[in-house]
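Residue-level structure breakdown
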Amino acid sequence: EIDLSSGTLLGWTSNIPSAAGSLMNAETIATCTLALSANVLATFEAGYAPLRMDPSYYLRPHNVLSAITEGSSPSQPGFMTTGPGLSLSPGNYATVFMLRCVKPTGNVGNVSVVDTITNQVLASLKLTNQVLQSGDMWTSIQVPFTITGIASITLDFNTFWAGTTNLDIAFVSVIPQ
């Protein structure tokens, strides 16, 4: 997706070189096709701009961002993803976080929707074994939020990892409600 007013690439970029910047690959086309039928406004792939990540997390070859607790270089607890600074008009929305955890125990982390100007948290959800599926299954987590007032605001959709058990994130989407 491209922001037509600024020409900025938004979400679902790949590393395939081209003169204008790459926007498509097979996974992107498949996901965007599915997203059209699901009324998705925007989808952002973890590990790629405009989402930001800490370098202690691992971007897998299959485009999944992983936080790991074991090995010679474990990930550091903190924000796996922040961003993208998406502007939305007043209305009702939900952010969808696609997460995977082999064995969620205790506090795995949380996901949140944050107004980047005021730093107000519009919505958040604690990630526990009651929210995440176990057995290395992907879990689609919807976090509803409302933007009130007359002006659009800029939002970040953050994924915080507590460092207790491995966690993967594939993407973050925004859908109208």
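So, here's what we can say about the structure. What you see as residue numbers is a count from 1 along each chain, following the sequence as written. Given that the model is predicted, a residue must reach a pLDDT of at least 70 before its local features are reported, and side-chain atom pairs must reach 80 or more before they are shown or counted; all residues, however, enter totals for whole chains, interfaces and linings. Side-chain measures were taken over the full set of non-hydrogen atoms in the model, leaving aside hydrogen atoms and water.

**A word on the pairing of strand β1 (residues 42-45)**
Both faces of β1 are covered, namely the face carrying A42 and F44 and the face carrying T43 and E45. Here the rule is simple: two strands pair whenever DSSP picks up at least two bridges between them. Elements are defined by DSSP. Helices are runs of H or I of four residues or more, strands are runs of E of two residues or more, and each kind is numbered from the N terminus. Where β1 and strand β11 (residues 167-176) come together, four bridges link them in antiparallel fashion. Along β11, the bridge assignment pairs F44 with V172. Burial here depends on accessible area, computed with a 1.4 Å probe over protein chains only, as a share of the maximum for the residue type. Under 20% is buried, over 50% is exposed, and the range in between is partly exposed.

**Some details on the pairing of strand β7 (residues 109-115)**
Taken across its seven residues, β7 has six buried, putting it largely inside the fold. In terms of strand pairing, β7 meets strand β8 (residues 121-127) through six bridges, oriented antiparallel. Residue pairing for β8: N110 is matched across the bridge by K126. Between β7 and β8, which pair antiparallel one after the other, the connecting turn spans five residues, and N119 there sits at a positive phi close to 65°. In terms of strand pairing, β7 meets strand β10 (residues 153-161) through seven bridges, oriented antiparallel. Residue pairing for β10: V113 is matched across the bridge by F157.

**Things to note about the pattern of salt bridges**
Salt bridge criterion: a side-chain nitrogen from Lys or Arg within 4 Å of a carboxyl oxygen from Asp or Glu. If you walk through the whole model with that rule in mind, you get three salt bridges. As a salt-bridge pair, R100 and D136 come within 3.4 Å of each other at their nearest N and O atoms. A residue pair is termed long-range when its members are at least 10 positions apart, and R100 in strand β6 (residues 91-101) and D136 in the loop between β8 and β9 (137-147) qualify at 36 residues. Residue classification places R100 among the buried positions, given a relative accessible area of 15%. The exposure class assigned to D136 is partly exposed, which follows from its relative accessible area of 37%. Overlapping salt bridges, with partners in common, bring together R100, D136 and D168 in one network.

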